[in-house]
Amino acid sequence: MIPLKKNTTLIASIGMSAALLAGMTGGAVAEEVKKATLFGDMQKVTQDMLDHAAGDGNNFLHTNGNYAQTRYYPAQQINRENVHDLVKAWSFNTEVVETMETTPIVVNGTMYITTAFNHVHALDAATGKEKWHYKHKMGPITTYCCGPNNRGVFPYEDMVYMGTLDAKLVALNAKTGKKVWEVQIAEPELGYSETMAPTVVDGKVLIGTNGGEYGIRGFVKAFDAKTGKLLWTFHTIPENSAGVWNEYDATGRWMHRDIKAEKAAYAKNGDPYKTLGGGVWQNMAIDRDNGRVYFVVGNPSPDLYGAIRPGDNLYTDSLVAVDLETGNYICHFQYIAHDVWDLDAVSPPILTTVMDNDGNMVKGVLHGGKTGYVYVHRASDCSLIRYSEPMVSQENRWVLPTPEGARMLPGANGGVEWSPMAIDPTQNLVYAINLHQPMTYHVSEDPYPGGKLWLGGAFKVIQTEEQWGNVSAVNYNTGKIRWKVKTPQPMIGGILATAGGLVFTGEGNGRFRAYNSTSGEVMWQYQAKAGVNAPPASYNVDGTQYIVVAAGGNTQLDYKRGNEIIAFKLKGR
Amino acid sequence: MKRLITAFTTLALLGAVSLAPRAEDDPYASVRDKLQLCQTCHGEKGASTLPQYPILAGQQMYYLYVQLKDFAAGRRQDSIMTPMLQKEAKMTRDEMKLVATYFSEQKWPKTNYTVTEEQKHAAELMAGSAECTACHLGGFKGNSRVPRLGGQHEDYLLKTMLDFKYRRRTNAPFMNSLMETFDEKAIEAMAAYAASMSD
């Protein structure tokens, strides 16, 4: 049990001060407390607020909590000793009833959530009452392999930003929901689209792209936050994508590559970079000390048919760092060269201090791979320090896909899917949610179909075999699994850790649970009406801490759909 | 075939005279003859009542546009549609977009297909294995690139999936790979299941 400092927290202090002051001077002070924040002028989201988000127990400003993407929330009013008293505070039903992957963003008592098909709702975070509702006017071409998802907005100054299924970046007035500007990020007919929340820093809106299943050429772009003007583009696929012809993955396993045949194909057909995929569709971590942007790059196109794209397929399946000001390449580490299983790099990277193999504490990057391992990197050069014990079964890895289908574990959803992990830096633990989904991998020699879905084969879940999920805690300084809790269905959505010694995550069956972050003990649960497959968040209004999550199910795994945002607080508050 | 097309065209022209709004008010004026031709098989406003011809009404614009392009380019082969788009009823890209937009704006008709419990169980296993809803969405309502299947004619769905399985239709390569892995019985169950879905 980690020590809990009851009644000495920031939240408790603000709450107590509010109560005392309210008693003296009435409602005006309560309003002031409602809007209180440690940083900024309370009228807009300043860069200072965003930089200090990791210590801000009132707001939830970033998709993954802060620029380091720790998803570790500093408030501890809700903790192990009282979490059994957590009750529903309010719920809000969105107009769209479809898959929900939104992270609620909370700014000074206002919550912003998104739904499938790019609706945005602004809500009163204390009551759930709607302030405004924006519906994106969708163009005729939308692209999504895995559901019409959206993962939320990013707040900056007096605007919120959203990427859309028709590959646009939209800036909205945060107070009114009116559109301020809109730019086309890329050509949707070629398979480009947006499901990720942008990340905004120093006036730059950073956003990647979906489309790894459509033969795109991936990128991360930076746009001017005020005008939408393109500032720089980093192509995740360089014009020479061949690499070093690596035959082993990050864990040292041979991948059955036929290097001789690949080199012959490369010499004959040239570099396949123009249609090689490499989407970036999760938020990037920002190293504010060094002005670096860390992100992971997704699978090569086509997913399963490798012969058409000889080489390592740089920088697919990689952790990449670029310069924030210029977008220039700094370093990368490729987990799987020439991936033919779609076991790519998706879950957003986390920056934290880690121990290297000499016992030195260094700036590190964590990534939960679809392979089911947590990878620990040195931030300075992206090199791998260690990888964890596998969180999921590893069977028949890396058997090559065949026309008839070859069985392998993990299945193509991972491991760890896009679901963001969380850490508790006081315990050196990283928390991940996992899938155990046996699949067969089928290959087909399909040429580029001109922007249509292009897998070069198919994945199939083996329905006669049991599937399940895990919530896992891994010590990132040793690579050892601290605890693991099995769940009845494969897990997708995300996880939140708090200073209250808890982790929160939901399941496809609608169960939303709090676990003891040290032991994995289930300490509380709530049954929602639809799958809870979105990352939870937390915030504080008027001295009351809330936990909030979307229950909208999941298209990809076909979990029951819904349209509910549910906020929880302690009974009696 | 040519005689059939000529008959369709005559019908189309007659229909155009009696049904079309004034040209200056009609955004589809330039393709009214093509639309009338389509409706000969696909039914009034694309709400086909003939089980071998798919319902077009309410299918999304981009999907329909791509199919027209693919018929014209020979990427999708059909004994009626391919020659029509290549010869008798050739269209420009803009005309294709207009035709596709027209049908996308019509209301999907109610159909009354049923499914047995056994077929439903088999289809749900297939859908879970293939992750069908990832693209076709819940209720198989489709999106701009992927057709609506829910409430579509069962005969057409079965023919289409078998055409994918046996590579008679090849303009969606992923569907070839996927359907090849399922047997005909499962595909029959899926056709019945998808057809039985309604709004």
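Definitions and cut-offs
Residues numbered from 1 in each chain as written. Chains lettered and ligands numbered in written order. Predicted model: local features only at pLDDT ≥ 70, side-chain atom pairs only at ≥ 80, totals over all residues. Heavy atoms only, no water. Helix = DSSP H or I, 4+ residues; strand = E, 2+ residues; numbered from the N terminus. Rg over C-alpha atoms; globule rule 2.2 N^0.38 Å. Buried < 20%, exposed > 50% of the residue type's maximum accessible area, 1.4 Å probe, protein only. Contact = heavy atoms within 4.5 Å. Areas by Shrake-Rupley, 256 points an atom, 1.4 Å probe, with all protein chains shown as cover. Lys, Arg positive; Asp, Glu negative; His and termini not counted. Charge placed at Lys NZ, Arg CZ, Asp CG, Glu CD. Pairing = 2+ DSSP bridges. Axes fitted to C-alpha atoms, helices over the stretch in contact; angles between N-to-C directions. Core = buried A, V, L, I, M, F, W, Y, C linked by side-chain atoms within 4.5 Å. Polar contact = N/O pair within 3.5 Å; in protein donor to acceptor, adjacent residues only side chain to side chain. pLDDT = per-residue confidence, 0-100. Phe/Tyr/Trp six-rings, centres within 6.5 Å; stacked < 30°, edge-to-face > 60°. Lys NZ or Arg CZ within 6 Å of the ring centre and 35° of its normal. Salt bridge = Lys/Arg side-chain N within 4 Å of Asp/Glu carboxyl O. Buried area = accessible area lost by both parts, 1.4 Å probe. Disulfide = S-S within 2.5 Å. Parallel < 35°, antiparallel > 145°, perpendicular 65-115°, else oblique.

## Things to note about the overall build of chain A
Secondary structure assignment for chain A yields four helices and 36 strands. The C-alpha radius of gyration computed for chain A amounts to 22 Å, which stays within 12% of the reference 25 Å derived for 573 residues, consistent with globular compactness. Across the 573 residues that make up chain A, the buried fraction comes to 68%. Taking all contacts inside chain A whose residues are at least 6 apart in sequence as the whole, residues at least 24 apart take part in 61%. Put simply, chain A shows about 18300 Å² of open surface, and 51% of that area lies on carbon and sulfur atoms. Looking at charge distribution, chain A has the averaged site of its 51 positive side-chain charges lying 4 Å from that of its 56 negative ones.

## Brief notes about the sheet that holds strand β17 (residues 318-323) of chain A
Residues and elements named next belong to chain A. The sheet built from four strands is open, its strands ordered β15-β16-β17-β18 with antiparallel pairing. Either end of the sheet is taken by a strand with one partner, and the two such strands are β15 (285-287) and β18 (329-334). For this sheet, the mean angle separating the axes of adjacent strands, direction not counted, is 20°. For β17 and β18, the ladder comprises five bridges, and the chain directions are antiparallel. Bridge pairing in β18 links Ser318 to Gln334.

## Some points on the nonpolar core
Core analysis: the largest hydrophobic core is formed by 62 residues, its most contacted members being Tyr294, Trp341 and Tyr441 of chain A together with Phe140 and Met190 of chain B. If one sorts the elements of this core by residue count, helix α10 (residues 184-196) of chain B sits on top with seven residues. Ignoring any residue separated from it by four or fewer positions in sequence, one finds Phe140 of chain B in contact with Ala127, Cys132, Thr133, Arg148, Leu149, Gly150, Met190, Tyr193, Ala194 and Met197 of chain B. Within the second largest apolar cluster, 55 residues are counted, among which are Leu50, Tyr67, Met162 and Trp232 of chain A.

## Examining the side chain of Asp356 of chain A
Residues and elements named next belong to chain A. Among the structural elements, Asp356 can be located in the loop between β19 (350-355) and β20 (361-368). Given the relative accessible area of 4%, Asp356 is considered buried. Of the polar contacts made by the side chain of Asp356, one reaches the backbone nitrogen of Asp358; its length is 2.8 Å. Beyond its immediate stretch of four places on either side in the chain, Asp356 contacts Val362, Arg378, Ile385 and Arg386.

## Things to note about the sheet that holds strand β22 (residues 384-387) of chain A
Residues and elements named next belong to chain A. Spatially, the four strands line up as an open sheet ordered β19-β20-β21-β22, and their pairing is antiparallel. The two strands at the open ends of the sheet, each matched to only one other strand, are β19 and β22. Direction aside, the axes of adjacent strands within the sheet are offset by 35° on average. Sheet topology places β20 next to strand β21 (residues 374-378); five bridges connect them, and they run antiparallel. Residue pairing for β21: Gly364 is matched across the bridge by Arg378.

## Observations regarding the confidence of the model for chain B
All names here are of chain B. The share of residues in chain B with pLDDT of 70 or more is 89%, and the mean pLDDT across the chain is 90. Counting interchain partners and residues more than four positions distant, the pLDDT-below-50 stretch residues 1-18 has 17 contacts. Confidence estimates for the predicted assembly give a pTM of 0.91 and an ipTM of 0.85.

## What to know about the packing of aromatic side chains
Two measures describe an aromatic ring pair: the distance that separates the ring centres and the angle between the ring planes. Under the counting rule described, the total for this entry stands at 28 aromatic pairs over all chains. Consider the rings of Phe333 of chain A and Tyr335 of chain A, whose centres lie 5.5 Å apart with planes at 70°: the pair is edge-to-face. Considered together, Phe333 of chain A and Tyr335 of chain A belong to a single accessibility category, that of buried residues. Ring centres of Tyr539 of chain A and Tyr546 of chain A lie 4.8 Å apart, and the angle between their planes is 5°; on these two criteria the pair is classed as stacked. Of the residues examined, Tyr546 of chain A reaches a relative accessible area of 4% and is grouped as buried. Ring pairs connect the aromatic residues Phe333, Tyr335, Tyr373, Tyr375 and Tyr387 of chain A, which therefore count as one cluster. The cationic tip of Lys460 of chain A hangs over the ring face of Phe182 of chain B; the distance from NZ or CZ to the ring centre is 3.9 Å. Here the guanidinium or amino end of Lys486 of chain A rests over the ring plane of Trp468 of chain A, the centre of that ring lying 4.1 Å away.

## Focus: unusual backbone geometry
Residues and elements named next belong to chain A. A cis geometry characterises the amide bond from Ser301 onward to Pro302, with omega recorded as -10°. Assignment of secondary structure puts Pro302 in the loop between β16 (292-297) and β17. Along the chain, Arg397 connects to Trp398 via a cis peptide bond; the corresponding omega equals -10°. Located in the positive-phi region is Asp342, a residue other than glycine, with phi close to 60°. Within the secondary structure layout, Asp342 lies in the loop between β18 and β19.

## Let's talk about the pattern of salt bridges
Enumeration according to the criterion identifies 35 salt bridges over all chains in this entry. Between Asp202 of chain A and Arg288 of chain A there is a salt bridge, with the nearest N and O atoms lying 3.0 Å from each other. Taken together, the residues Asp202 of chain A in the loop between β11 (199-201) and β12 (204-207) and Arg288 of chain A in the loop between β15 and β16 connect sequence positions 86 residues apart. Given a relative accessible area of 31%, Arg288 of chain A falls into the partly exposed group. We note a salt bridge from Glu180 of chain B to Arg167 of chain B, for which the minimum N-O separation is 2.6 Å. Of this pair, Glu180 of chain B sits in the loop between α9 (173-179) and α10 while Arg167 of chain B sits in the loop between α8 (154-165) and α9, and the two are 13 residues apart along the sequence. The exposure class assigned to Glu180 of chain B is partly exposed, which follows from its relative accessible area of 37%.

## Points about the interface of chain B and chain A
Counting residues at the interface gives 26 residues for chain B, matched by 38 residues for chain A. Together, the buried faces of chain B and chain A total about 2400 Å²; carbon and sulfur atoms form 52% of this surface. Interface area lost by chain B to chain A is led by Glu131, Arg145 and Phe174 of chain B, which between them contribute 25%. Between chain B and chain A we count two salt bridges in total. The interface formed by chain B and chain A contains 15 residue pairs in polar contact (both at pLDDT 80 or more).

## Observations regarding the state of the cysteines
All names here are of chain A. This model, assessed by the stated rule, comprises two disulfides over all chains. A sulfur-sulfur distance of 2.2 Å marks the disulfide that ties Cys145 to Cys146. Negative torsions about the S-S bond denote left-handed disulfides, and the value of about -95° found for Cys145 with Cys146 makes this one left-handed. When its relative accessible area of 18% is taken as the criterion, Cys145 is described as buried. A relative accessible area of 23% means that Cys146 is categorised as partly exposed. With a sulfur-sulfur separation of 2.1 Å, Cys331 is cross-linked through a disulfide to Cys382. Handedness of the Cys331-Cys382 disulfide follows from its S-S torsion of about 60°: it is right-handed. Here Cys331, found in strand β18, pairs with Cys382, found in the loop between β21 and β22; they are 51 residues apart in sequence, far enough to count as distant. What makes Cys331 buried here is its relative accessible area of 5%. Residue class for Cys382 comes out buried when judged on its relative accessible area of 0%.

## Concerning the packing of helix α6 (residues 117-130) of chain B against α10 of chain B
Residues and elements named next belong to chain B. Put simply, α6 and α10 touch, their axes get as near as 8 Å, and they point 105° apart. Taken together, α6 and α10 sit at an angle that is classed as roughly perpendicular. Of α10, the residues touching α6 (which contributes Glu118, Gln119, Lys120, Ala122, Ala123, Glu124, Met126 and Ala127) are Lys185, Ala186, Ile187, Glu188, Ala189, Met190, Ala192 and Tyr193.

## Concerning the side chain of Asn210 of chain A
Residues and elements named next belong to chain A. Residue position: Asn210 is located in the loop between β12 and β13 (219-224). On the basis of relative accessible area, Asn210 is assigned to the buried category, the value being 12%. Among the polar contacts listed, one links the side chain of Asn210 to the side chain of Thr195, at a separation of 3.1 Å. Each residue touching Asn210, except ones within four places of it in the same chain, is listed here: Gly191, Tyr192, Ser193, Glu194, Thr195, Ile216 and Trp281.

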